[in-house]
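Chain residues, written in single-letter form:
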Amino acid sequence: MGMGGISIWQLLIVLVIVLLLFGTKKLRNLGTDLGGAVKGFRSTMKDGASAEESSETEGEASQDSLAESAEDADSDADKENAKV
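All values derive from a computational prediction rather than experimental measurement. (Residues numbered from 1 in each chain as written. Predicted model: local features only at pLDDT ≥ 70, side-chain atom pairs only at ≥ 80, totals over all residues. Heavy atoms only, no water.)

Observations concerning the overall build of the protein chain
Argument step 1. Along its length, the protein chain carries one helix and zero strands.
Argument step 2. Put simply, the protein chain has 84 residues, and 0% of those count as buried.
Argument step 3. On the protein chain, roughly 7,600 Å² of surface is accessible, and the fraction owed to carbon and sulfur atoms is 62%. (Helix = DSSP H or I, 4+ residues; strand = E, 2+ residues; numbered from the N terminus. Buried < 20%, exposed > 50% of the residue type's maximum accessible area, 1.4 Å probe, protein only. Areas by Shrake-Rupley, 256 points an atom, 1.4 Å probe, with all protein chains shown as cover.)

Thoughts on a nonpolar patch on the surface
Argument step 1. Side chains of Ile6, Ile8, Trp9, Leu11, Leu12, Leu15 and Leu19 sit close together on the surface and give an oily, nonpolar patch of about 680 Å² of accessible area.
Argument step 2. Relative to the helices and strands, Trp9 is located in helix α1 (residues 8-83).
Argument step 3. A residue is classified by how much of its surface remains accessible, and Trp9, at 63% relative accessible area, is exposed. (Patch = residues over 30% accessible without salt bridge, like charges linked within 9 Å, V, L, I, M, F, W, Y side chains within 5 Å. Salt bridge = Lys/Arg side-chain N within 4 Å of Asp/Glu carboxyl O.)

Pasting the structure below:
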């Protein structure tokens with residue numbers, strides 16, 4: 001018994017039938033296309049993750065700059081109040 005009630009001999013018979021129906025050239029092309037699709041998907045996921053990380057760091061930088069400008073405005077207001 002193999003996977004889920006399918007023996008290794010049954011899998012080999014199915015493999016031979018698929019090879020006879022499609023031929024090795026078509027199966028090789030199918031494998032190449034599938035590999036290219038997986039590679040493209042992985043690179044897209046990496047690009048998305050890096051873009052997400054860069055947007056997070058940009059968001060943090062903009063929050064820091066907003067906090068600094070708010071602090072500057074508070075200190076300017078304190079200076080004006082001290083002059084009066």
